[in-house]
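Here is how the chains run, residue by residue.
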Amino acid sequence: MMSLVAIRRTKKGNVDMSQLGLPAKTIETIRVEFTSEDAETNVHSQVHSLLYAVTRQVFVAMLEGKGKTFYKNFYRLFALVTRTRQSCCHAKLVPDSSLESAREAQ
C-alpha cells in the first residue's frame with residue numbers, strides 16, 4: 001500500500017521524476033494593488049505599508065553601514081521581514097508590540 005503513495009529515497013540514488021507521472025510545475029504570480037480608496041480604509045493595507053516602509057529603511061541603513069552593522073543586526077532585519085510577510089496574510093497576525101515599535105521607528 002505504501003509503495004503507491006510514498007516515494008522511497010535511499011542514499012544510493014535519486015528518484016527518476018519521469019516515472020512519477022507528475023504534471024509540470026507552474027508558477028503564477030498575481031499582483032494585487034489597493035486603490036487609493038481601499039488603502040485609506042483598509043487596516044491590512046496600512047499595517048503592511050507601515051511594516052514595509054520600516055523594513056526598507058532598516059535595510060537601506062544597514063547597507064549604508066558598509067557591512068559593519070549588517071551582520072550584527074541581521075536578526076532585526078529577519079524579524080522585520082517575517083512580520084511584513086505575516087501582515088500579507090492578515091494584520092492580526094502581527095503582534096501589537098511590533099506595530100508600536102514600527103510606528104516609533106518611522
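Structural data are supplied above this passage.
So, a few notes on the structure that sits alongside this text. (Residues numbered from 1 in each chain as written. Predicted model: local features only at pLDDT ≥ 70, side-chain atom pairs only at ≥ 80, totals over all residues. Heavy atoms only, no water.)

### Re the overall build of the protein chain
In step 1: Along the protein chain, the regular secondary structure elements total five helices and zero strands.
In step 2: Across the protein chain, helices and strands are ordered from the amino to the carboxyl terminus as α-α-α-α-α.
In step 3: Among the 106 residues that make up the protein chain, the fraction classed as buried is 17%.
In step 4: Once local pairs closer than 6 in sequence are excluded, the contacts in the protein chain between residues at least 24 apart make up 53%.
In step 5: Put simply, the protein chain shows about 9500 Å² of open surface, and 55% of that area lies on carbon and sulfur atoms. (Helix = DSSP H or I, 4+ residues; strand = E, 2+ residues; numbered from the N terminus. Buried < 20%, exposed > 50% of the residue type's maximum accessible area, 1.4 Å probe, protein only. Contact = heavy atoms within 4.5 Å. Areas by Shrake-Rupley, 256 points an atom, 1.4 Å probe, with all protein chains shown as cover.)

### Here's the deal with a nonpolar patch on the surface
In step 1: On the surface, Phe59, Val60 and Leu63 cluster together into a nonpolar patch covering about 240 Å² of accessible area.
In step 2: Counting through the fold element by element, Val60 comes out in helix α3 (residues 43-64).
In step 3: Note on Val60: relative accessible area 35%, which makes it partly exposed. (Patch = residues over 30% accessible without salt bridge, like charges linked within 9 Å, V, L, I, M, F, W, Y side chains within 5 Å. Salt bridge = Lys/Arg side-chain N within 4 Å of Asp/Glu carboxyl O.)

### A word on the packing of α3 against helix α4 (residues 74-89)
In step 1: Remark: α3 packs on α4, axes separated minimally by 9 Å, with the N-to-C direction vectors making an angle of 160 degrees. Between α3 and α4, the angle is such that the two are roughly antiparallel. Between α3 and α4 the crossing geometry is left-handed. Facing α3, whose interface residues are His44, Val47, His48, Leu51, Tyr52, Val54, Thr55, Val58, Phe59 and Met62, α4 presents Phe74, Arg76, Leu77, Leu80, Val81, Arg83, Thr84, Ser87, Cys88 and Cys89.
In step 2: Split into classes, the residues belonging to the contact of α3 with α4 amount to 13 nonpolar, five polar and two charged. (Axes fitted to C-alpha atoms, helices over the stretch in contact; angles between N-to-C directions. Parallel < 35°, antiparallel > 145°, perpendicular 65-115°, else oblique. Left-handed = near helix turned anticlockwise from the far one by under 90°. Nonpolar A, V, L, I, M, F, W, Y, C, P; charged D, E, K, R; others polar.)

### Details of the packing of α3 against helix α5 (residues 96-105)
Geometrically, a packed helix pair is captured by the angle between its two axes and the distance between the axes.
In step 1: Closest axis-to-axis distance for the α3/α5 pair is 10 Å, and the angle between their directions is 60 degrees. Between α3 and α5, the interaxial angle falls into the category oblique. Of the two elements, α3 crosses α5, and the hand of that crossing is left-handed. Contact residues: α3 offers Val47, Leu50, Leu51, Val54 and Gln57, while α5 offers Leu99, Ala102, Arg103 and Ala105.
In step 2: Broken down by class, the residue content of the contact of α3 with α5 amounts to seven nonpolar, one polar and one charged.

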